[in-house]
Amino acid sequence: QKEVEQNSGPLSVPEGAIASLNCTYSDRGSQSFFWYRQYSGKSPELIMFIYSNGDKEDGRFTAQLNKASQYVSLLIRDSQPSDSATYLCAVRLGADTGFQKLVFGTGTRLLVSP
Amino acid sequence: SQTIHQWPATLVQPVGSPLSLECTVEGTSNPNLYWYRQAAGRGLQLLFYSVGIGQISSEVPQNLSASRPQDRQFILSSKKLLLSDSGFYLCAWSVTVDSPLHFGNGTRLTVT
């Protein structure tokens with residue numbers, strides 16, 4: 001089982017719709033979770049992080065965390081063509097695994113059509 | 001504000017040649033530093049991390065090495081490149097081991 005799993009996509013949504021990106025993780029001791037956006041040929045940039053169960057909103061982005069289900073998601077409201085990119089979910093492993101390294105999923109490609 | 005510089009942006013090297021990639025961080029002291037590699041169609045793989053000057057931890061045994069000669073400088077090296085070393089190399093920093101990582105612009109390495 002992979003430590004962090006994401007559907008590779010592509011996820012296609014029309015402009016103005018809500019895009020929902022999902023991620024599951026295997027380490028129950030994980031405490032911090034991150035979403036990065038990566039445009040083609042560029043480096044990842046941090047969008048959001050979440051540490052507690054529930055929702056965290058920042059502008060058009062909402063991160064949702066459910067530790068019991070080992071599930072984290074990112075919602076993008078009013079999707080724009082400029083949101084078209086690959087979205088990487090990253091999970092910091094729990095302390096009982098030694099160094100709490102940040103493990104990345106392979107990413108979900110999002111395509112927003114005008 | 002903090003900034004991270006990574007160079008070169010692209011590099012084409014023959015098999016068996018040496019490698020040196022450099023990364024520096026400005027605007028902070030004693031950052032945690034990381035080297036990741038992203039192979040085509042694959043996720044980011046942690047190669048090395050450092051929580052302080054002169055301290056390096058390796059995650060993946062291979063023909064690469066890292067050094068941290070100064071507080072805000074992180075270097076990735078190889079004595080002899082392999083074809084499998086091709087990829088997108090990313091340097092990153094964080095304030096603490098718990099805080100988010102911030103990436104440099106990356107180096108796209110092609111080994112021919």
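All values derive from a computational prediction rather than experimental measurement. (Residues numbered from 1 in each chain as written. Chains lettered and ligands numbered in written order. Predicted model: local features only at pLDDT ≥ 70, side-chain atom pairs only at ≥ 80, totals over all residues. Heavy atoms only, no water.)

1. Section: the overall build of chain A
What counts, and what does not: Secondary structure elements follow DSSP: runs of H or I of four or more residues count as helices, runs of E of two or more count as strands, with numbering from the N terminus. Atoms counted for the radius of gyration: C-alpha only. Globule rule: 2.2 Å times the number of residues to the power 0.38. Whether two residues are in contact is decided by their heavy atoms, any of which lying within 4.5 Å being enough.
Each helix and strand counted, chain A has 0 helices and 11 strands in total. Traced from its N-terminal end to its C-terminal end, chain A shows the element sequence β-β-β-β-β-β-β-β-β-β-β. Over its C-alpha trace chain A gives a radius of gyration of 14 Å, about what one expects of a compact globule, namely 13 Å for 114 residues. At a minimum sequence separation of 6, the contacts of chain A that also span at least 24 residues come to 54%.

2. Comments concerning the pattern of salt bridges
Side chains that differ in sign of charge can pair as their charged atoms come close. Residue and element names in this part refer to chain A. Quick reminder of the rule: The salt bridge criterion pairs a side-chain nitrogen of Lys or Arg with a carboxyl oxygen of Asp or Glu, the two atoms within 4 Å. Only protein chains enter the accessibility calculation, which uses a 1.4 Å probe. A residue is then buried if its area is under 20% of the maximum for its type, exposed if over 50%, and partly exposed in between.
A complete count under the given rule lists 6 salt bridges over all chains for this structure. Of the charged contacts, one joins arginine 37 and glutamate 45 as a salt bridge, the two residues approaching to 3.1 Å between their closest N and O atoms. Residue classification places arginine 37 among the buried residues on the basis of a relative accessible area of 15%. Overall, the relative accessible area of 33% leaves glutamate 45 in the partly exposed class.

3. Quick word on the side chain of glutamine 38 of chain A
Stated precisely, the cut-off is as follows: N or O atoms within 3.5 Å of each other form a polar contact, as long as, within protein, one can give a hydrogen and the other can take it, and as long as residues adjacent in sequence are counted only when both atoms are side-chain atoms.
Turning to its location among the elements, glutamine 38 of chain A is positioned in strand E4 (residues 32–38). The exposure class assigned to glutamine 38 of chain A is buried, which follows from its relative accessible area of 9%. Looking at glutamine 38 of chain A, its side chain comes within polar contact range of the main-chain oxygen of lysine 42 of chain A, at 2.8 Å. With residues up to four places along the chain from it excluded, the contact list for glutamine 38 of chain A reads Ser43, Pro44, Ala85, Thr86 and Leu88 of chain A together with Gln38 and Phe88 of chain B.

4. Structural notes on the pairing of strand E6 (residues 55–58) of chain B
Residues and elements named next belong to chain B. For the record, the criterion: Strand pairing requires that DSSP identify at least two bridges connecting the strands.
When strand E5 (residues 44–52) meets E6, the two strands line up antiparallel, connected through 3 bridges. Within E6, the position partnered with glycine 52 by the bridge is glutamine 55. Joining the antiparallel neighbours E5 and E6 is a turn of 2 residues, in which glycine 54 adopts a positive phi near 80°.

5. Topic: the sheet that holds strand E1 (residues 4–5) of chain A
Strands pair in a sheet through their backbones, by hydrogen bonds, and they do so in one of two ways: parallel or antiparallel. All names here are of chain A. The sheet built from 5 strands is open, its strands ordered E1-E3-E8-E7-E6 with antiparallel pairing. Single-partner strands in this sheet number two, and they are E1 and strand E6 (54–58). Relative to strand E8 (residues 71–76), strand E7 (residues 61–66) runs antiparallel, the two sharing 6 bridges. Counted as the bridge partner of glutamine 64 is serine 73 from E8.

6. Structural notes on the environment of serine 50 of chain B
All names here are of chain B. When you line up the elements, serine 50 lands in strand E5. Residues serine 50 and phenylalanine 74, spaced 24 residues apart in sequence, show a C-alpha to C-alpha distance of 8.5 Å. Sequence-distant contacts of serine 50, defined by excluding residues within four places in its chain, comprise Pro31, Asn32, Leu33, Gln55, Ile56, Arg68 and Phe74.

7. Description of the sheet that holds strand E1 (residues 3–7) of chain B
Residues and elements named next belong to chain B. For clarity, the cut-off: Every axis corresponds to a line fitted to the C-alpha atoms, with the helix fit spanning only the stretch in contact, and the corresponding angles, defined between N-to-C directions, vary from 0 to 180 degrees.
Taken together, 4 strands build an open sheet; the order of strands is E1-E3-E8-E7 and the sheet is antiparallel. Strands with a single pairing partner mark the edges of an open sheet, and in this sheet they are E1 and strand E7 (64–70). Direction aside, neighbouring strands of the sheet carry axes that sit 15° apart on average. Of the pairings in the sheet, the one linking strand E3 (residues 19–26) to strand E8 (residues 73–78) comprises 6 bridges and is antiparallel in character. Bridge assignment links leucine 19 to a residue of E8, and that residue is serine 78.

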